Amino acid sequence: MGAGNSEIVDAFEKFFEHYYDEEIKELAEKYPDEQRSLYVDWQYLHRFNADLADDFLRQPGQVRRFAEEGLRFYGHSMNVSLGQAHIRLYNLDERTDIGEIRSRHINQLVEITGTVDSISQSQSSLAEAAFECQLCGTLTRVPQGRGDEQEPHECQGCEQEGPFRVNEDQSEFVDTQTLYLEQRPAGVGTDDDREIIVVELRDDLVDEVVPGNTINVSGIVRRDEELKDSKASVPDKYIDAIGISEAQEYQLNIRDEDKEQIVRLASDDDIYEKMVESIAPTIYGCDQEKLAMLLQLFSGVTKQLPDETRIRGDIHIGLLGDPGVGKSQLARYAARVAPRAVHVSATNTTEVGLTAAAKRTSSSNSTWTFEAGALPKADQGIACVDNITDFREEELRTLHDVLEEQVVEASKGSSTVSIPARASLLAVGNPKYGRFDQYEPLGGQLALEPGLLSQFDLLFLITDQPDEREDKKLADHVLQANYAGELSRQESEYISPEVESEEVEKEIEQVSPVVDPDLLQKYAAYARSNCYPRMTDEAREAIKEFYVDIRSSIDEDQSVPVSARKLEALVRLSEASARIRLSDTIEESDAERVIELVRSCLRDIGIDPETGEFDADIVEAGTSKSNRDRIKNLKHLIEDIEEEYDDGAPTELVLDRASEVGMDQSKAEHEIDKLKQKGKVYEPSTDRLRAVPEKD
């Protein structure tokens, strides 16, 4: 930095005059209550004076002071006072990955991008401490940073080395906040590969972000040895933020040639088949499930209505099935190809879990940190949750509301934070007892509440049933995939492999995705950002007809198979189908495609094994209508028997006559226990039962 201090200040004054005159006038009108900072695009500064812009990167602390002095002088020329207004630089020439921050970056300006993992409550910190000498009373002012108070070396009055005390009345304080910013490699949604760094926010940057937000941070890299015991993967450095901005929805470099490929694919008549074949190609079959995942990847359209009602476009899917059928691999592949995703499992998730939590900053501190769980971190993306049935019951109860409202309310004391959780959920779960029993209703075999199950737009039951024809196809597919891998490994490891390269390529091609995962990821991001289809009359009529027909086809006392919530799901799925073609209209074919998907899904999971008929209550209420009727009849049986006995119906007699209502004794005993738990039956004395009268 060869120029003198006054020349640098003058240069900034001229820069502000050329590029930010109107913005400074607006700042002057709002300073200090509504606005205290001027955001400066580094690219503009570089265009004006490349040397000055580069000096800002190398010596940010000093050059920023000159820039802010130039801002005050420019304000004086306009007859306004900008006092302690800040310069906040953004849009640097390049971004630095969090994991690549090294010693050479210390005291330099960098720009990083990441998701807010957790953030502390705001608190007042010393900006400039006024130290009063206990010997002569002289005040010595010392600027303060992060960590312990920095005392003066000696008194400016008596030149003694203290003792000193902080005179708070003469000191200056500033609001501060600490956050942990995490960055995940592209296509990786697990916690194992994330990089985390501490970011310090000051003054008007405080309370501007919440956990789960994806942001760009420009700031100065500082050292702090005390951070070695924190959860940061960069253990001894932090970012002293001088600017934050909302990051683009998807951090992908979609080039012109990518767009050409995407548009060409979208016009392909076989686009849906090619896309389905590109989802987890090493997993045999599951075409319906893969189509559903594809629709989730492209998402429906979020709408904001005039009355401020928000209709979500995110699609929630449940994959519920026997162990070993490949559902976990499907979830991992979804996390791989989604433009933004988080993958967690009940076996390895953090204690924060799926939503959010408030934690004490330290054992000796009264402040709290709000930390984001899986759904807020996947905001505007997909949260892939494996082994969802193994999460704590209270965690799943909280999840129920979050899926619908798409916001997490975290509070502690007087502090409350609303954290966006606008994510699609891809949940993988196992049956309660290991495997599904095809002779029992699904609802009774899942460790999930019916209310939570009803939040899913699509629920799939994946069973592992012997089928000689399908088993042969699956075996061929698995063996083919392994053989291709063996040939590929030989080709890479052996100097003179026995197989030709052409044969290796031929075998690998048979298990390779038609659409490359990286291109599929960009395709989905491009469609979600540029395609907002509207529904044609034909598509609207097809959905309405399906909805009305399936509801009107049931008897009065039967449960309703499709609710208004499923109607909105049909709309979301149809919008996603149109987005795959990059179409601005939802055609009848889109509606028919998702109607068949929903019908198939309902048919698979809602069949009462006793009647062979569809019963929505199996999913919505956790039991079939036939079972519900039997329980009602069992209660009536108790009522009938107790009329013959003054001290209540003998339990043994009720069990003996249970066959009259279609139950064996063990089943009746189980249902009686449940009736007692619900307060519908009680024991007036040992081995006697009375039914509680129903309220009018």
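Parameters at a glance
- Residues numbered from 1 in each chain as written.
- Predicted model: local features only at pLDDT ≥ 70, side-chain atom pairs only at ≥ 80, totals over all residues.
- Heavy atoms only, no water.
- Helix = DSSP H or I, 4+ residues; strand = E, 2+ residues; numbered from the N terminus.
- Contact = heavy atoms within 4.5 Å.
- Areas by Shrake-Rupley, 256 points an atom, 1.4 Å probe, with all protein chains shown as cover.
- Disulfide = S-S within 2.5 Å.
- Pairing = 2+ DSSP bridges.
- Axes fitted to C-alpha atoms, helices over the stretch in contact; angles between N-to-C directions.
- Core = buried A, V, L, I, M, F, W, Y, C linked by side-chain atoms within 4.5 Å.
- Buried < 20%, exposed > 50% of the residue type's maximum accessible area, 1.4 Å probe, protein only.
- Expected span 1.5 Å × (residues − 1).
- Polar contact = N/O pair within 3.5 Å; in protein donor to acceptor, adjacent residues only side chain to side chain.
- Salt bridge = Lys/Arg side-chain N within 4 Å of Asp/Glu carboxyl O.
- Parallel < 35°, antiparallel > 145°, perpendicular 65-115°, else oblique.
- Nonpolar A, V, L, I, M, F, W, Y, C, P; charged D, E, K, R; others polar.
- pLDDT = per-residue confidence, 0-100.
- Patch = residues over 30% accessible without salt bridge, like charges linked within 9 Å, V, L, I, M, F, W, Y side chains within 5 Å.
- Lys, Arg positive; Asp, Glu negative; His and termini not counted.
- Charge placed at Lys NZ, Arg CZ, Asp CG, Glu CD.

Some words on the overall build of the protein
Thinking step 1. Scanning the protein from terminus to terminus reveals 22 helices and 26 strands.
Thinking step 2. Across the protein, every contact between residues at least 6 apart in sequence was considered, and the portion connecting residues at least 24 apart equals 70%.
Thinking step 3. Just so you have it, the protein exposes about 34,600 Å², and 42% of that area is on carbon and sulfur atoms.

Description of the environment of Leu57
Thinking step 1. Structurally, Leu57 can be placed in helix H4 (residues 50-58).
Thinking step 2. The spatial distance from the C-alpha of Leu57 to the C-alpha of His105 is 9.9 Å, given a sequence separation of 48 residues.
Thinking step 3. Beyond its immediate chain neighbours, meaning those up to four positions away, Leu57 contacts Trp42, Leu92, Gln108 and Leu109.

Re unusual backbone geometry
Thinking step 1. Between Tyr31 and the following residue, Pro32, the backbone shows a cis peptide bond with an omega angle of 0 degrees.
Thinking step 2. Counting through the fold element by element, Pro32 comes out in the loop between helix H2 (21-30) and strand S1 (37-41).
Thinking step 3. For the peptide bond that leads from Gly162 to Pro163, omega is 5 degrees, which places it in the cis range.
Thinking step 4. Even without being a glycine, Ala280 presents a positive backbone phi close to 45 degrees.
Thinking step 5. Looking at where Ala280 falls in the secondary structure, it is placed in the loop between helix H7 (271-277) and helix H8 (287-298).

A few points about the state of the cysteines
Thinking step 1. Scanning the model with the defined rule gives zero disulfides in all.
Thinking step 2. Left without a disulfide partner, Cys158 is nearest to the cysteine sulfur of Cys133, which lies 3.7 Å away.

With respect to the sheet that holds strand S14 (residues 341-345)
Thinking step 1. Here five strands make up an open sheet; going across it, the order is S14-S17-S20-S13-S21 and the pairing parallel. Each edge of the open sheet carries a strand with a single partner, namely S14 and strand S21 (458-462). The sheet shows a mean angle of 10 degrees between the axes of neighbouring strands, direction not considered.
Thinking step 2. Pairing between S14 and strand S17 (residues 382-386): five bridges, direction parallel. Looking at the pairing, Ser345 lines up with Asp386 of S17.

A look at the nonpolar core
Thinking step 1. Core analysis: the biggest nonpolar cluster contains 93 residues, and Phe298 and Leu425 have the highest contact counts within it.
Thinking step 2. Considering each element in turn, this core owes the most residues, eight residues, to helix H18 (residues 588-605).
Thinking step 3. Among all residues touching Leu425, those that are not within four sequence positions of it are Gln296, Ile315, His316, Ile317, Leu375, Ala383, Val385, Ile388, Leu399, Leu403 and Phe456.

Examining helix H13 (residues 468-493)
Thinking step 1. Across its 26 residues, H13 extends 37 Å between first and last C-alpha, which sits within 8% of the 38 Å expected from 1.5 Å per residue.
Thinking step 2. Of all the residues in H13, the buried ones are His477, Ala481, Ala484 and Leu487.
Thinking step 3. Buried residues belonging to H13 abut helix H14 (501-509).

Structural notes on the environment of Asp647
Thinking step 1. If you trace the backbone, Asp647 turns up in the loop between helix H20 (625-642) and strand S24 (649-650).
Thinking step 2. On the accessibility criterion, Asp647 (38% relative accessible area) is partly exposed.
Thinking step 3. With 43 residues separating them along the chain, Asp647 and Arg690 place their C-alpha atoms 8.6 Å apart.
Thinking step 4. Contact partners of Asp647, with chain neighbours within four places excluded, come to Pro684, Ser685, Arg688 and Arg690.
Thinking step 5. Among the polar contacts listed, one links the side chain of Asp647 to the side chain of Arg688, at a separation of 3.3 Å.

Thoughts on helix H5 (residues 60-77)
Thinking step 1. An ideal rise of 1.5 Å per residue puts 26 Å on 18 residues; H5 measures up with 25 Å between its terminal C-alpha atoms.
Thinking step 2. Along H5, the positions that sit buried rather than exposed are Pro60, Val63, Arg64, Phe66, Ala67, Glu68, Gly70, Leu71, Tyr74 and Gly75.

Remarks on the sheet that holds S24
Thinking step 1. Ordered by their spatial adjacency, three strands build an open sheet running S24-S26-S25, and the pairing between neighbours is antiparallel. A strand with exactly one partner marks an edge of an open sheet, and here the two such strands are S24 and strand S25 (681-682).
Thinking step 2. As paired strands, S25 and strand S26 (residues 688-691) are joined by two bridges and run antiparallel to one another. Each residue of the ladder has a partner; that of Val681, found in S26, is Ala691.

Things to note about the pattern of salt bridges
Thinking step 1. Following the criterion strictly, the structure yields 38 salt bridges and no others.
Thinking step 2. The salt bridge involving Lys472 is made with Glu468; its shortest N-O contact spans 3.6 Å. Placement of the pair is Lys472 and Glu468 together in helix H13, with a separation of four residues, close to one helical turn. The same class applies to Lys472 as to Glu468, namely exposed.
Thinking step 3. One salt-bridge network, in which partners are shared between bridges, spans Arg255, Glu257, Asp258 and Lys522.

Re the packing of H4 against H5
Thinking step 1. The interhelical angle for the contact between H4 and H5, taken along N-to-C directions, is 125 degrees, at an axis separation of 6 Å. Put simply, H4 runs oblique to H5. For the pair H4 and H5, the contacting residues are Asp55, Phe56, Leu57 and Arg58 in the first and Pro60, Val63, Arg64 and Ala67 in the second.
Thinking step 2. For the contact of H4 with H5, the residue count by class is five nonpolar, no polar and three charged.

A few points about the environment of Thr140
Thinking step 1. By the secondary structure assignment, Thr140 is in strand S5 (residues 139-143).
Thinking step 2. Along the primary structure Thr140 and Glu151 are separated by eleven residues, whereas in three dimensions their C-alpha atoms are 9.0 Å apart.
Thinking step 3. Setting aside residues up to four positions removed in sequence, Thr140 forms contacts with Ala129, Ala130, Phe131, Pro152, Cys155 and Gln156.

A closer look at the side chain of Asp224
Thinking step 1. Locating Asp224 in the fold gives a position in the loop between strand S9 (214-223) and strand S10 (237-246).
Thinking step 2. Setting aside residues no more than four positions away along its own chain, Asp224 makes contact with Arg146, Pro235, Asp236, Lys237 and Tyr238.

Concerning the packing of H8 against helix H15 (residues 517-530)
Thinking step 1. Close contact between H8 and H15 brings their axes to 8 Å; oriented N to C, the two are set at 55 degrees. Between H8 and H15, the interaxial angle falls into the category oblique. Along the contact surface, H8 presents Leu294, Gln296, Leu297 and Phe298, while H15 presents Leu520, Tyr523, Ala524, Ala527 and Arg528.

Quick word on the confidence of the model for the protein
Thinking step 1. For the protein, per-residue confidence averages 86 on the pLDDT scale, and residues scoring 70 or more make up 89% of the total.
Thinking step 2. The weakest mean pLDDT in the protein belongs to helix H19 (residues 617-620) at 58; the strongest belongs to strand S23 (residues 585-586) at 97.

Section: a negative patch on the surface
Thinking step 1. On the surface, a cluster of negative charge is made up of Asp148, Glu149, Glu151, Glu168, Asp169 and Glu226.
Thinking step 2. Here Glu149 falls in the partly exposed class, since its relative accessible area comes to 47%.

Structural notes on the pairing of strand S4 (residues 123-133)
Moving residue by residue along a regular strand, the side chains alternate between the two faces of the sheet.
Thinking step 1. Looking at chain direction, S4 and strand S7 (residues 172-183) are connected through five bridges and run antiparallel. Paired with Ser125 across the two strands is Val174, which belongs to S7.
Thinking step 2. By the bridge criterion, five bridges tie S4 to S5 in an arrangement that is antiparallel. Paired with Glu128 across the strands is Pro143, a residue of S5.
Thinking step 3. Between S4 and S5, which pair antiparallel in sequence order, lie five residues; one of them, Gly137, sits at a positive phi of approximately 85 degrees.
Thinking step 4. Across three bridges, S4 lies against strand S6 (residues 164-166) in antiparallel orientation. Following the sheet pairing, Phe131 is matched in S6 by Val166.

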